[in-house]
Amino acid sequence: VQLQASGGGLVQAGGSLRLSCAASGRTFSSYTVGWFRQAPGKEREFVAGIRWGGGFTNYGDSVKGRFTISRDNAKTEVYLQMNSLKPEDTAVYYCAATTRYTFPRVSVNEYDYWGQGTLVTVSS
């Protein structure tokens, strides 16, 4: 499956953005899809994940209560709604997918397919 992340941009602190991850080549059925982010000089960090079967979700501690991951019924897009953004949320955001069934999956090494990333910049 090929992934395309979009929706990044520049926003002021306290603002909101919605990222999208689109699948091409097939739907997200039977995949777990995750969002990760990487700030300059830092390791890639887990942000949120959703398992298609059952719709289970999980979040990184730094975004709990502010970000929401969701999916569309056509099973071709996953969204990351980001509210109450902070300057420390500034990073390149990546979507990723895996067919590994057990959930949650929070490690970079557990995902097999990656999108190209979309830059989110939060100004103070």
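Residues numbered from 1 in each chain as written. Predicted model: local features only at pLDDT ≥ 70, side-chain atom pairs only at ≥ 80, totals over all residues. Heavy atoms only, no water.

(A) Broad picture of the overall build of the protein chain. Along the backbone of the protein chain there are zero helices and eleven strands. In the protein chain, the order of α-helices and β-strands from amino to carboxyl end is β-β-β-β-β-β-β-β-β-β-β. By the compact-globule yardstick of 14 Å for 124 residues, the protein chain fits well, its C-alpha radius of gyration being 13 Å. In the protein chain, buried positions account for 42% of the 124 residues. (Helix = DSSP H or I, 4+ residues; strand = E, 2+ residues; numbered from the N terminus. Rg over C-alpha atoms; globule rule 2.2 N^0.38 Å. Buried < 20%, exposed > 50% of the residue type's maximum accessible area, 1.4 Å probe, protein only.)

(B) Fine view of unusual backbone geometry. Each neighbour pair has its own omega, and for Phe103 with Pro104 the value is 5°, a cis peptide bond. Mapped onto the secondary structure, Pro104 falls in the loop between strand 9 (91-98) and strand 10 (113-114). Its identity is not glycine, yet Ser30 carries a phi of approximately 70°, on the positive side. With respect to the helices and strands, the residue Ser30 is situated in the loop between strand 3 (17-24) and strand 4 (32-38).

(C) Examining the packing of aromatic side chains more closely. The final tally for this structure, using the stated rule, is seven aromatic pairs. Taken together, a centroid distance of 5.1 Å and an interplanar angle of 55° make the contact between Phe36 and Trp114 tilted. A residue pair is termed long-range when its members are at least 10 positions apart, and Phe36 in strand 4 and Trp114 in strand 10 qualify at 78 residues. Among the residues examined, Phe36 registers a relative accessible area of 0% and is labelled buried. (Phe/Tyr/Trp six-rings, centres within 6.5 Å; stacked < 30°, edge-to-face > 60°.)

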